Amino acid sequence: MSDPTFPHLDVVLEGPIARVTMDRPEVLNALSVALLESLEAACTWLQTRDDCRVVVLAGAGRSFSAGADLSTMEHLLGDPAAGRAAADAGDRAASAIEALDAITIAKIHGRCVGGGVVLALACDLRVAADTARFSIPEVDLGIPLAWGGIPRLLRELPPAVARDLVLTCREFDPEEAHRLGVLSRVCPDPELDGTVDELARDLARKARLPVRATLDAVRSTLGVGVPTGWSDADTLLSAVRDPECQAAAGRYLERVRRAGQR
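Below is a short write-up of the structure.

Turning our attention to the pairing of strand β1 (residues 9–14). Where β1 meets strand β2 (residues 17–22), 6 bridges bridge the pair, whose relative direction is antiparallel. Following the sheet pairing, V11 is matched in β2 by V20. Hairpin remark: β1 followed by β2, antiparallel, with 2 residues in the connecting loop; positive phi at G15, about 65°.

The structure is reproduced here in structure tokens:
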């Protein structure tokens with residue numbers, strides 16, 4: 001029986017290591033609803049594989065992920081039920097990553113933006129090339145950081161730092177991300193594949209019980225999987241329908257367009 005396939009994902013099991021690669025390189029792995037649903041399904045399938053000890057999440061092509069696919073916003077403005085499901089797709093995908101018994105590693109290169117940062121934060125370990133670039137531009141797009149992004153940031157960062165990154169929408173580099181505690185390791189770009197491969201192989205050799213106990217203890221202490229008491233999806237839906245927020249998004253996209261012409 002062959003392994004299942006997942007749209008917009010390349011999932012390869014190599015013994016105890018699963019390599020899950022977001023595969024929309026033509027749009028820098030922008031996170032469409034379809035890709036996020038595939039990621040959730042892939043994690044659900046990997047959870048059934050007792051031989052899977054480590055999962056490496058990466059992006060194909062030039063970047064880890066450029067964040068939420070703007071075409072997703074069309075879903076949010078459509079049928080209310082479909083819009084609610086679309087608004088929540090990123091949080092479901094991130095939660096599916098967090099629910100894995102395997103150790104999860106985000107392998108980050110190129111751009112890691114918005115929702116891409118949220119998916120990386122859902123992983124147990126994060127390794128980035130020194131040429132990677134991070135940003136959380138949602139506020140400039142006229143929307144809140146959704147998908148459980150705020151709680152996930154606050155598990156890693158002091159509140160004042162999280163507010164600075166989210167409210168200013170400024171870009172930050174791997175050196176700062178590592179200093180702040182967002183990243184586990186930073187390595188030269190040409191060494192990223194080898195560094196992550198070596199780390200994955202080392203972790204895959206560890207005894208299952210102490211690994212599981214460690215991950216469970218950390219996740220329990222951090223409240224991973226605990227409801228936040230408020231709905232990211234409903235807040236996001238309100239923002240994309242708000243005229244002021246729509247105007248903010250237009251200004252941000254115009255700045256991006258002009259920057260691309262330089």
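Read on, since the account is not over.
Moving on, we come to the sheet that holds β1. If you trace the 6 strands from one edge of the open sheet to the other, you get β1-β2-β3-β4-β6-β8, paired in mixed fashion. What marks the edges here is a single partner per strand, and that holds for β1 and β8 (185–187). In this sheet, adjacent strand axes meet at a mean angle of 20° when their direction is disregarded. Note that strand β4 (residues 103–108) and strand β6 (residues 125–129) share 4 bridges and pair parallel. Opposite I108, over in β6, you have A128 as the bridge partner. Lying on the sheet, helix α1 (residues 33–46) is in contact with β1, β2 and β3 (54–59); it crosses β1 at an angle near 20°. The strands that helix α4 (residues 115–122) touches are β2, β3, β4 and β6; relative to β4, the one it contacts most, it runs at about 145°.

Quick look at the packing of aromatic side chains now. In total, this model carries 2 aromatic pairs according to the counting rule given. Residues F6 and W45 carry aromatic rings whose centres are separated by 6.3 Å and whose planes lie at 50° to one another, so their mutual orientation is tilted. Within this pair, whereas F6 is found in the segment before β1, its partner W45 is found in helix α1, the two being separated by 39 residues in sequence. The class for F6 is buried, based on a relative accessible area of 12%. Measuring from centroid to centroid gives 5.5 Å for F134 and F172, while their planes differ by 20°, and the two rings are stacked. Highlighted residues: F134 in strand β7 (residues 133–135) and F172 in the loop between α6 (159–168) and α7 (174–180), separated in sequence by 38 residues. Here F134 matches F172 in class, with each residue buried.

A side chain with one charge may pair with a side chain of the opposite charge, provided their charged atoms come close. What the rule picks out here adds up to 24 salt bridges. Residue E171 is joined to R111 by a salt bridge in which the shortest nitrogen-to-oxygen separation is 2.4 Å. Taken together, the residues E171 in the loop between α6 and α7 and R111 in strand β5 (residues 111–113) connect sequence positions 60 residues apart. In this structure, R219 engages D124 in a salt bridge whose closest nitrogen and oxygen atoms are separated by 2.8 Å. With a gap of 95 residues between them, R219 in helix α9 (residues 208–222) and D124 in the loop between α4 and β6 connect regions that are remote in the sequence. Via salt bridges that share partners, D91, E98, R152 and R155 belong to a single interconnected network.

Below, the discussion takes up the packing of helix α5 (residues 149–156) against α6. The description of two packed helices rests on the angle between their axes and on the distance between the axes. The interhelical angle for the contact between α5 and α6, taken along N-to-C directions, is 135°, at an axis separation of 9 Å. Relative to α6, the element α5 lies oblique. Crossing of α5 against α6: the hand is right-handed. In this structure, α5 contributes I150, L153 and L154 to the contact, and α6 contributes P159, A162 and V166. Looking at the contact of α5 with α6, its residues break down into 6 nonpolar, no polar and no charged.

Thresholds, definitions, all that
- As a convention, each chain's residues are numbered from 1 in the sequence order in which they are written.
- With the structure being a predicted model, the display of local features is reserved for residues of pLDDT at least 70 and the display and counting of side-chain atom pairs for 80 or more, all residues being used for whole-chain, interface and lining totals.
- The basis for every side-chain value is the complete set of heavy atoms in the structure, and neither hydrogens nor water enter the calculation.
- Only strands joined by at least two bridges in the DSSP assignment are considered to pair.
- Note on conventions: DSSP H or I runs of at least 4 residues are helices, E runs of at least 2 residues are strands, and numbering of each starts at the N terminus.
- Note on definitions: angles span 0 to 180 degrees between N-to-C directions of axes, and those axes are lines fitted to C-alpha atoms, for helices only across the stretch in contact.
- Whether two residues are in contact is decided by their heavy atoms: any pair within 4.5 Å suffices.
- Classification of ring pairs rests on two measures: the distance between centres of Phe, Tyr or Trp rings, Trp counted by its six-membered ring, which must be within 6.5 Å, and the angle between planes, read as stacked under 30 degrees, edge-to-face over 60 and tilted in between.
- Burial classification: accessible surface area is computed with a 1.4 Å probe over protein chains only, and a residue below 20% of its type maximum counts as buried, one above 50% as exposed, and the rest as partly exposed.
- We count a salt bridge whenever a side-chain nitrogen from Lys or Arg sits within 4 Å of a carboxyl oxygen from Asp or Glu.
- Angles are sorted into four bins: roughly parallel if under 35 degrees, roughly antiparallel if over 145, roughly perpendicular if 65 to 115, and oblique for all others.
- Crossing chirality is assigned from the near helix's rotation relative to the far helix, an anticlockwise turn below a right angle marking it left-handed and a clockwise turn marking it right-handed.
- Under the convention adopted here, Pro, Cys and the residues Ala, Val, Leu, Ile, Met, Phe, Trp and Tyr are nonpolar, Asp, Glu, Lys and Arg are charged, and Gly plus all remaining residues are polar.

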